[in-house]
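# Observations on the three-dimensional arrangement
Letter by letter, the chains look like this.
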Amino acid sequence: MILFLTSSPCSNDVPEGVDLPCILNEANEFVTRLSEYWKPDSQCLFISSDPDNFDLNDEMIATFYGAFNFHGLTISDIAVCDSRNEEDAPELIAESDIIVLAGGHVPTQNAFFQRIGLRDLIQDFPGIVMGISAGTMNCADTVYAQPELEGESIDPDYQRYLPGLGLTEVNVLPHYQQVKDYWLDGKRLFEDITYGDSFGNLFFALVDGSYILVQDGETVLFGEAYLIQDGQLQQICGEGEYLQL
């Protein structure tokens, strides 16, 4: 398995005259590295974060079909696994060359992953797995589900730690450049909530365009990223740099 853990692989910097909502972010040689492992005319499978949102799921695969092909990452077929076909998950995974774990709400996606037994289905997958945002977070063995929606940080029944896919020990917090100053339930998302949860834990906050590549027992971080540990934050990698974790 080749595992790409991304914050967001997308860029809105679409060239003039190209009729696509987005392309892939080429920062930190992401597209170059992805293309090294990409089989021509790959069979691609997206696994949804919101299995009942059919319109969004169909729009997502159309968007990425265009983005992948724009960069020469050719696809023979692209499918989505959601509640319309979840019983076919074993066959869909077995037929695929690349699996993309969509972004969205971490607990909602986590529940769907558990429902279809994805942890067991994906363990020996021989191709590329790419996580996007929530999909990246749910790749961890134990997932830190950073509170996101109003009320979650103060809800005593909200589960901040969930069983994940077990593809990595790394806990990623995506979109750091976007959410670092967010407030939730009257508190600062990071300083008042996440920092406290970091005692005894390691959280890697990635900006969009940064990613982690896991292969052959090695885990390497590419691009701007921050480590949150024991209530402290420090930058550990910069744009254009890499760090072996």
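Look above for the structure.
Structural notes, computed from the coordinates. (Residues numbered from 1 in each chain as written. Predicted model: local features only at pLDDT ≥ 70, side-chain atom pairs only at ≥ 80, totals over all residues. Heavy atoms only, no water.)

## Observations concerning the sheet that holds strand β5 (residues 75-81)
Taken together, the eight strands give an open sheet; going across it, the order is β5-β4-β6-β7-β1-β14-β15-β18, and neighbouring strands pair in mixed fashion. The outermost strands of the open sheet, each flanked by one partner alone, are β5 and β18 (242-244). The mean inter-strand angle of the sheet, taken between neighbouring strand axes irrespective of direction, is 15 degrees. Packing of helix α2 (residues 54-70) onto the sheet brings it into contact with β4 (42-47), β5, β6 (98-101) and β7 (128-132), and relative to β5 it is tilted by some 155 degrees. Running at roughly 115 degrees to β4, helix α4 (residues 106-116) makes contact with β4, β5 and β6 of the sheet. (Pairing = 2+ DSSP bridges. Helix = DSSP H or I, 4+ residues; strand = E, 2+ residues; numbered from the N terminus. Axes fitted to C-alpha atoms, helices over the stretch in contact; angles between N-to-C directions. Contact = heavy atoms within 4.5 Å.)

## A look at α2
For α2, with 17 residues, the first-to-last C-alpha span of 25 Å sits near the 24 Å given by 1.5 Å per residue. Among the residues making up α2, those that are buried are N57, M60, I61, T63, F64, G66, A67 and F68. (Expected span 1.5 Å × (residues − 1). Buried < 20%, exposed > 50% of the residue type's maximum accessible area, 1.4 Å probe, protein only.)

## Here we look at a negative patch on the surface
Together, E87, D88, E91 and E95 make up a region of like negative charge exposed at the surface. Within the secondary structure, D88 sits in the loop between β5 and α3 (89-94). (Patch = residues over 30% accessible without salt bridge, like charges linked within 9 Å, V, L, I, M, F, W, Y side chains within 5 Å. Areas by Shrake-Rupley, 256 points an atom, 1.4 Å probe, with all protein chains shown as cover. Salt bridge = Lys/Arg side-chain N within 4 Å of Asp/Glu carboxyl O. Lys, Arg positive; Asp, Glu negative; His and termini not counted. Charge placed at Lys NZ, Arg CZ, Asp CG, Glu CD.)

## Details of the sheet that holds strand β10 (residues 171-173)
Strand order across the open sheet formed by four strands is β10-β13-β16-β17, with mixed pairing between neighbours. Strands with a single pairing partner mark the edges of an open sheet, and in this sheet they are β10 and β17 (232-237). Neighbour to neighbour, the strand axes of the sheet diverge by 30 degrees on average, direction disregarded. With three bridges connecting them, β10 and strand β13 (residues 202-206) associate as parallel partners. Residue pairing for β13: V172 is matched across the bridge by F204.

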